[in-house]
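Chain residues, written in single-letter form:
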Amino acid sequence: MKNLIAYTLLFIAALATSIASAEITGDMEKRLTEKGYPYGLLVERVDSVKILFSEDQQGISCSVELENKGSLHKSDTVYVKKNRFEQKPLSSCLARSQAKTWLAQTF
């Protein structure tokens, strides 16, 4: 399930950018699944997680969609620096407080 979510996130990221050649690497998978609390648990406990983003010269506008047991949740759109997004896409686009709230709803 974790690999499916990571690959889904990577696929969405590849489609949303103009990069023609995207590689699925162990390093990329680690960045997308982010093992730290609450992000790692959230990814494990929900049906799907999508990072929706668009890129411009200065940074990235992004939000997160989460689906769990038929419910769809969407975070507010935020603007982040490219290097932060590249290092930790999920935590840069989803506020920790929102991730904790969504995680609590999965129990």
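Overview of the structure. (Residues numbered from 1 in each chain as written. Predicted model: local features only at pLDDT ≥ 70, side-chain atom pairs only at ≥ 80, totals over all residues. Heavy atoms only, no water.)

1. Some thoughts on the overall build of the chain
- For the chain, the count of helices and strands is six helices and four strands.
- Its helices and strands in sequence order give the chain the pattern α-α-α-β-β-β-β-α-α-α, from N to C terminus.
- Pairs at least 24 apart in sequence give 48% of the contacts found in the chain among residues at least 6 apart.
- Accessible surface, the chain: about 6,500 Å² in total, of which carbon and sulfur atoms supply 51%. (Helix = DSSP H or I, 4+ residues; strand = E, 2+ residues; numbered from the N terminus. Contact = heavy atoms within 4.5 Å. Areas by Shrake-Rupley, 256 points an atom, 1.4 Å probe, with all protein chains shown as cover.)

2. Observations concerning the pattern of salt bridges
- All told, the structure shown has one salt bridge when counted by the stated rule.
- Note that Lys-82 is salt-bridged to Glu-55, the shortest N-O span being 3.3 Å. Linking Lys-82 in helix H4 (residues 82-87) with Glu-55 in strand E1 (residues 48-55), this pair joins segments that are 27 residues apart in sequence.
- Residue classification places Glu-55 among the partly exposed residues on the basis of a relative accessible area of 45%. (Salt bridge = Lys/Arg side-chain N within 4 Å of Asp/Glu carboxyl O. Buried < 20%, exposed > 50% of the residue type's maximum accessible area, 1.4 Å probe, protein only.)

3. Some thoughts on the pairing of E1
- Pairing between E1 and strand E2 (residues 59-68): eight bridges, direction antiparallel. Residue pairing for E2: Phe-53 is matched across the bridge by Cys-62.
- Remark: three residues form the turn of the hairpin made by E1 and E2, two consecutive strands paired antiparallel. (Pairing = 2+ DSSP bridges.)

4. Quick look at the nonpolar core
- Ranked by internal contacts, the top residues of the largest apolar core, which has 19 residues, are Leu-42, Val-64, Phe-85, Leu-90 and Leu-94.
- For this core, the secondary structure elements donating two or more residues are helix H3 (39-45), E1, E2, helix H5 (89-93) and helix H6 (96-104).
- Setting aside its immediate chain neighbours within four residues, Leu-94 contacts Tyr-39, Leu-42, Val-64, Ser-75, Ala-99 and Trp-102. (Core = buried A, V, L, I, M, F, W, Y, C linked by side-chain atoms within 4.5 Å.)

5. Brief notes about the state of the cysteines
- Counted according to the given criterion, the structure contains one disulfide.
- Between the sulfur atoms of Cys-62 and its disulfide partner Cys-93 the distance amounts to 2.0 Å. Torsion about the S-S bond of the Cys-62 and Cys-93 cystine: about -105°, corresponding to left-handed handedness. Pair noted here: Cys-62 is in strand E2 and Cys-93 is in helix H5, with a separation of 31 residues, a long-range link. (Disulfide = S-S within 2.5 Å.)

6. Focus on the packing of aromatic side chains
- Summed over all chains, the structure comprises one aromatic pair.
- Judged by centre distance (4.7 Å) and plane angle (50°), the ring pair of Phe-53 and Phe-85 falls under tilted. On the criterion of sequence distance, the pair formed by Phe-53 in strand E1 and Phe-85 in helix H4 is long-range, its members being 32 residues apart.
- The ring of Phe-107 has Arg-45 lying over it, and the distance from NZ or CZ to the ring centre is 4.0 Å. (Phe/Tyr/Trp six-rings, centres within 6.5 Å; stacked < 30°, edge-to-face > 60°. Lys NZ or Arg CZ within 6 Å of the ring centre and 35° of its normal.)

7. Considerations on H6
- Every buried residue belonging to H6 is among Ala-99, Trp-102 and Leu-103, and all of these are buried. Seen end-on, H6 carries its buried residues on one side only, within an arc spanning 100°. Exposed and oriented more than 90 degrees from the buried face of H6 are Ser-97 and Ala-104.
- For H6, the secondary structure elements touched by its buried residues are H3, E2 and strand E3 (71-74). (Arc of directions from axis to C-beta.)

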